There are 2 protein chains.
Amino acid sequence: MSEIKTVIGGVCAPAGFRASGAACGIKAGSDKKDMALIVSDVMCSAAAVYTTNKVKGAPLEITRRNIENGRAQAVICNSGNANTCAPGGLELADRTCEITAEALGLEKTDIVVCSTGVIGQRLDIEPFEKGVPVLAGSLSYDGADDAAEAIMTTDTVPKSIAVEFEAGGKTCRIGGIAKGSGMINPNMATMLSFITTDADITPELLDKALKEVVETSYNQICVDGDTSTNDMVVVLANGMASNPCIDCEGEDYTIFKTALSFVAADLAKKLARDGEGASKLIECNVKGAPDKAIARRISKTVISSNLLKAAMFGEDANWGRVLCAIGYTDGDFSTDNIDVTMSSAKGTVFVCQGSSHKEYSEETASEILSEEQITIDIDMNQGDGCATAWGCDLTYDYVRINGDYRS
Amino acid sequence: MSEIKTVIGGVCAPAGFRASGAACGIKAGSDKKDMALIVSDVMCSAAAVYTTNKVKGAPLEITRRNIENGRAQAVICNSGNANTCAPGGLELADRTCEITAEALGLEKTDIVVCSTGVIGQRLDIEPFEKGVPVLAGSLSYDGADDAAEAIMTTDTVPKSIAVEFEAGGKTCRIGGIAKGSGMINPNMATMLSFITTDADITPELLDKALKEVVETSYNQICVDGDTSTNDMVVVLANGMASNPCIDCEGEDYTIFKTALSFVAADLAKKLARDGEGASKLIECNVKGAPDKAIARRISKTVISSNLLKAAMFGEDANWGRVLCAIGYTDGDFSTDNIDVTMSSAKGTVFVCQGSSHKEYSEETASEILSEEQITIDIDMNQGDGCATAWGCDLTYDYVRINGDYRS
């Protein structure tokens, strides 16, 4: 398999993608960018995954309808208002697609529309009527950073990545941006991620690859356990790399999926690290579980535990909370022989062996946990299942940010 | 049905129950009480429910074995150490029963043993060898408060209740104590509750009543979503009220279960209110759900949402977070026509109608939410299912308490 290397350029790294971002007046009383546009020079294969929340943002319904045929060419996204549980939401999302299509000379059914922000407040059409033509006029092959910034809500940093790989003898690229800053935050709503690629791939295989990749990336992060109403990951593939179209699950599909997985996992980790109020990224690796599904659930349950997250904030190697979280994970497995280590750039400490206390220096452990990136390795000692999940610590700032988000 | 009225006396309110509590050296470097003893003058029907966590404290296994025959006469409980994931735990719990039985002139299989505190640290037998005889010597019919205090960990207040009712023409009483201060806190481990009654009831019906009552009380509270390894609710019924033995599901069973439910719900609410760091009790009532089970899940999911809990701390009527939590509740129901109001002693504000924004004054809402007890009423408008759950707000103090519990 050819190698995958990171490159600059975010969603504009793949050939034929332009982007822009601007302040269009949705984030009232602020000059922050609040609208992003991403456009491909040619029609794309398109695939998306959506939140499992029963309450869904209006834009999700319009987007689902528009890409039902596996095709799309542009993404319009606003931050500051989720257009969810608010009157006239569907009409507004549909009209936004019309305005965007007019400005770009496309059909409205070729537009992906997304919103993120407060739930339950009416979103007006005026900012789109004024803003979209401005965004269309400022589209640029260097515009990825503007777009990444324009989709932020409580995010503290824009999140962007791009990679390069070879498929069918051609150099292909995949780029992506994302916003959190919980995976999952109903009221600033949402994890959103937009991925672009110049690889040529059928809509069916693009959909399949995305669904598989999501399981081990976006679905394995947690900031607060609250599943948003507006979560969406969209991928557009415009084929401008001129690789032989990926239309079966051969070598090219494998390298494409590996590169897509790299991009998705990178963005997922960035989302976890920038979780609201977070001061640390927590990675949890599980091995020796009966199967992969159980390993995924265990790793995700551990990084989702409020008590474990608070202990990590306190730099306390409180492994009892790891065992407790494993113990209430759904599934059929033994908890009799679990080993746990905690690591960082400063070293590793073996804290639990055979599900029981192991002597270690609390001082050393605390020193190791003082780093910004912590790894918790769990060996269930009973099978071949392994998985990784990413989360963050629970801090005073999480409470502050969410105690008065709207005011 | 006869009335149920509250009386003083906690677990010693029912006839024939004595209790004591003392500092026995388990909470090292502290003069806090850390061991409680509750004893009935005569043999009791006994029933218990245990944590669903796969990792279980050693005392749970010994207690389960001892009350398999539906009989017990005394409860010994220590705080400060959970006797979980630590070497020699089963032997220690068994030996604790022996020591207690010797001091009281009972059989060791008549003893209920419980522990709550840090996971993963060896618990020594010496504090029990020295402490249990002292506790046995200080048993008193007025000792309920000492016992309630001795089982506390991070609890800020002892939790106790007793009620009186008539069954079969006789006055019966039920008393209870509990400790949190999460429902659920692996490392200070545990929600524990001990309930006594002088009603005469068969072990089978006592078990049935307890299991039913737990569903609408202890199982409907949440502080942080972390299910402890040591949770246990035990009820002892000694028959000293001389009522005709409750051996079928007639009128007397109904009044007994109603009284038991009152005690359990009262203790559950006290646990939620004293959740770690909590400044408010949040009650969530759901009606109009397709069935009772879905209503329970919805109410519990809402009070478990970190985002909603943080909003309540911030006194922000952020109803979008209520809809979001409803939307990710497991089950088959519609989210199209949901009404939400928020209330306190200061009034009521109608914040969401038909799953959409309803005009209200944020200022009034904030004033209402400034109270210590908040009620969220949800009408799903689709069936007869109703349920209630209790939780607390998420505060800076939760993070502080759990950031360095062990240090």
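Below, the structure is looked at part by part. (Residues numbered from 1 in each chain as written. Chains lettered and ligands numbered in written order. Predicted model: local features only at pLDDT ≥ 70, side-chain atom pairs only at ≥ 80, totals over all residues. Heavy atoms only, no water.)

### A look at the overall build of chain A
Formally: Only runs of H or I of at least four residues qualify as helices and only runs of E of at least two qualify as strands under DSSP, and these elements are numbered from the N terminus. Note that the radius of gyration is over C-alpha atoms, with the globule rule given as 2.2 Å times the number of residues to the power 0.38. We call a residue buried when its accessible area falls under 20% of the maximum for its residue type, exposed when it is over 50%, and partly exposed in between, using a 1.4 Å probe and counting protein chains only. Here, two residues are considered to be in contact whenever any of their heavy atoms come within 4.5 Å of each other. For the area figures, the Shrake-Rupley method with a 1.4 Å probe applies, and any residue is considered shielded solely by the protein chains shown. Charge assignment: positive for Lys and Arg, negative for Asp and Glu; neither His nor the chain ends contribute. All charge positions are set by atom: Lys at NZ, Arg at CZ, Asp at CG, Glu at CD.
Scanning chain A from N- to C-terminus turns up 11 helices and 15 strands. Here the C-alpha radius of gyration of chain A, 22 Å, is about what a compact globule of 407 residues would show, namely 22 Å. Principal axes of the C-alpha set define a box for chain A whose edges measure 70 × 55 × 35 Å. Taken across its 407 residues, chain A has 63% of its residues classed as buried. Here the analysis covers contacts within chain A between residues at least 6 apart in sequence; of these, 80% occur between residues at least 24 apart. Counting only carbon and sulfur atoms, one obtains 46% of the accessible surface of chain A, whose full area is about 13,900 Å². Positive and negative side-chain charges in chain A, numbering 36 and 58 respectively, have mean positions lying 3 Å apart.

### Considerations on the sheet that holds strand E15 (residues 385–392) of chain B
Residues and elements named next belong to chain B. Quick reminder of the rule: By the convention used here, strands pair only if DSSP detects at least 2 bridges between them. Interaxial angles span 0 to 180 degrees and are taken between N-to-C directions of axes, which are lines fitted to C-alpha atoms, for helices over the stretch in contact.
Taken in spatial order, the six strands make up an open sheet running E13-E12-E11-E14-E10-E15, and their pairing is mixed. Two strands lie at the open edges of the sheet, namely strand E13 (356–357) and E15, each paired on one side alone. Alignment of strand E12 (residues 347–353) against E13, held across two bridges, turns out to be antiparallel. Bridge pairing links glutamine 353 to serine 356 in E13. Lying on the sheet, helix H6 (residues 251–273) is in contact with strand E10 (281–289) and E15; it crosses E15 at an angle near 40°. Along the sheet, helix H7 (residues 292–304) contacts E10, strand E14 (373–379) and E15; its crossing angle with E15, the most-contacted strand, is approximately 20°.

### Looking at the interface of chain B and chain A
Cut-off, in case you're wondering: Accessible area that two parts lose when put together, evaluated with a 1.4 Å probe and summed over both, is termed the buried area. Three classes are used, and their members are as follows: Ala, Val, Leu, Ile, Met, Phe, Trp, Tyr, Cys and Pro are nonpolar, Asp, Glu, Lys and Arg are charged, and the others, Gly among them, are polar.
Counting from both sides, the interface comprises 58 residues of chain B and, opposite them, 58 residues of chain A. Overall, the association of chain B and chain A removes approximately 4,300 Å² of surface from exposure, summing both partners, and the carbon and sulfur fraction of that is 55%. At the level of elements, helix H8 (306–313), helix H9 (319–327), E13 and helix H11 (396–403) of chain B are the ones that each hand at least two residues to the side of chain B that touches chain A. Considered class by class, the residues forming the side of chain B that touches chain A number 24 nonpolar, 24 polar and 10 charged.

### Examining the pairing of strand E11 (residues 339–344) of chain B
Residues and elements named next belong to chain B. Among the six residues that make up E11, six are buried, leaving the element largely enclosed by the rest of the structure. What you see with E11 is no split at all: Asp339, Thr341 and Ser343 on one side and Val340, Met342 and Ser344 on the other are buried throughout. Bridge count for E11 against E14 is five bridges, and the pairing is antiparallel. Following the sheet pairing, serine 343 is matched in E14 by threonine 375. Two strands pair when backbone bridges link them, and E11 and E12 are joined in this way by five bridges, in the antiparallel orientation. Across the sheet, the residue bridging to threonine 341 is phenylalanine 350, located in E12.

### Here we look at the packing of helix H1 (residues 58–66) of chain A against helix H2 (residues 89–104) of chain A
Residues and elements named next belong to chain A. Test applied: Every angle not falling under 35 degrees, over 145, or within 65 to 115 is termed oblique; those three ranges are roughly parallel, roughly antiparallel and roughly perpendicular. Note on convention: the crossing is left-handed when the near helix lies turned anticlockwise from the far helix by less than a right angle, right-handed when the turn is clockwise.
Remark: H1 packs on H2, axes separated minimally by 8 Å, with the N-to-C direction vectors making an angle of 50°. Overall, the two elements H1 and H2 adopt an arrangement that is oblique. Classified by chirality, the crossing of H2 by H1 is right-handed. Two secondary-structure elements touch here, H1 through Ala58, Pro59, Glu61, Ile62, Arg65 and Asn66 and H2 through Gly89, Leu90, Ala93, Asp94 and Cys97.

### Observations regarding the pattern of salt bridges
Residues and elements named next belong to chain B. Stated precisely, the cut-off is as follows: When a carboxyl oxygen of Asp or Glu lies within 4 Å of a side-chain nitrogen of Lys or Arg, that pair is called a salt bridge.
Summed over the entire model, instances satisfying the criterion amount to 46 salt bridges over all chains. A salt bridge links lysine 257 to glutamate 212, with the shortest nitrogen-to-oxygen separation between them at 2.3 Å. Taken together, the positions of lysine 257 in helix H6 and glutamate 212 in helix H5 (residues 203–216) put the pair 45 residues apart, joining distant regions of the chain. According to the relative accessible area criterion, lysine 257 is partly exposed, its value standing at 26%. By relative accessible area, which is 30% here, glutamate 212 ends up partly exposed. With its nearest N and O atoms 3.2 Å apart, the salt bridge here joins aspartate 397 to arginine 400. Of the two residues, aspartate 397 and arginine 400 are both situated in helix H11; the distance of three residues between them amounts to about one turn of the helix.

### Overview of the packing of aromatic side chains
Which entries qualify depends on this criterion: Here a Phe, Tyr or Trp ring, Trp counted by its six-membered ring, pairs with any other such ring whose centre lies within 6.5 Å, and the pair is stacked when the planes are under 30 degrees apart, edge-to-face when over 60, and tilted otherwise. Whether a charge sits over a ring depends on NZ of Lys or CZ of Arg being within 6 Å of the ring centre and within 35 degrees of the ring normal.
Enumeration over the complete set of coordinates arrives at five aromatic pairs over all chains. Plain terms: the ring middles of B:Phe165 and B:Phe256 are 6.3 Å apart, the flat faces sit at 65° to each other, and that makes the pair edge-to-face. In this pair, B:Phe165 sits in strand E6 (residues 159–167) while B:Phe256 sits in helix H6, placing the two residues 91 residues apart along the sequence. Side by side, B:Phe165 and B:Phe256 carry an identical accessibility label, which is buried. Connected via pairs of aromatic rings, a cluster forms that spans A:Phe313, A:Tyr396, B:Phe313 and B:Tyr396. In this structure, A:Arg64 packs its charged tip against the face of A:Tyr50, placed 4.4 Å from the ring centre. A cation over a ring is seen here: B:Arg18 above B:Tyr141, with NZ or CZ 5.8 Å from the ring centre.

### Focus: the side chain of A:Ser305
Note the cut-off: Pairing of N or O atoms within 3.5 Å defines a polar contact, subject to two protein rules: one partner must be a possible hydrogen donor and the other a possible acceptor, and residues neighboring in sequence count only if both atoms are side-chain atoms.
Along the chain, A:Ser305 falls in the loop between helix H7 (292–304) and helix H8 (306–313). At a separation of 3.0 Å, a polar atom in the side chain of A:Ser305 contacts the main-chain amide nitrogen of A:Leu308.

### Notes on H2(A)
Residues and elements named next belong to chain A. As a reminder of what qualifies: What a helix is expected to span follows from its residue count: subtract one and scale by 1.5 Å.
Taking 1.5 Å as the rise per residue, H2 with 16 residues should run 22 Å; its terminal C-alpha atoms sit 23 Å apart, in good agreement. All of the buried residues in H2 are Gly89, Leu92, Ala93, Asp94, Thr96, Cys97, Ile99, Thr100 and Ala101. Packing partners of the buried residues in H2 comprise strand E3 (35–50), H1, strand E4 (71–81), strand E5 (111–118) and helix H3 (126–137). Looking one or two residues past H2, glycine 105 carries a phi angle of roughly 70°, positive in sign.

### A closer look at the pairing of strand E2 (residues 17–22) of chain B
All names here are of chain B. Of all six residues making up E2, five are buried, and the element is well covered by its neighbours. Sheet topology note: the E2/strand E3 (residues 35–50) ladder contains six bridges and is antiparallel. If you follow phenylalanine 17 over to E3, its bridge partner there is serine 40.

### A closer look at unusual backbone geometry
All names here are of chain A. Here the phi dihedral of cysteine 85 falls at roughly 55°; this positive angle occurs in a residue that is not glycine. Mapped onto the secondary structure, cysteine 85 falls in the loop between E4 and H2. Take cysteine 85: its relative accessible area is 14%, and that puts it in the buried class. Even without a glycine there, the phi angle at asparagine 381 is positive, about 55°. Tracing the backbone through its elements, the reader meets asparagine 381 in the loop between strand E14 (373–379) and strand E15 (385–392). Since its relative accessible area comes to 34%, asparagine 381 is described here as partly exposed.

### So, the relation of the copies chain B and chain A
Just so we agree on the cut-off: Alignment of the copies relies on least squares applied to C-alpha atoms, considering only residues that score at least 70 for pLDDT in both.
Mapping chain B onto chain A calls for a rotation angle of 180° and an axial translation of 0.0 Å; the resulting RMSD is 0.0 Å. Read as a symmetry element, the transformation amounts to a two-fold axis. In terms of C-alpha distance to the rotation axis, chain B has B:Tyr396 as its closest residue, with the C-alpha 2.6 Å off the axis. Taken as a fraction of all interface residues of chain B, those also at the interface in chain A reach 100%, which identifies the copy contact as same-surface.

The analysis is restricted to geometry; functional conclusions fall outside its scope.
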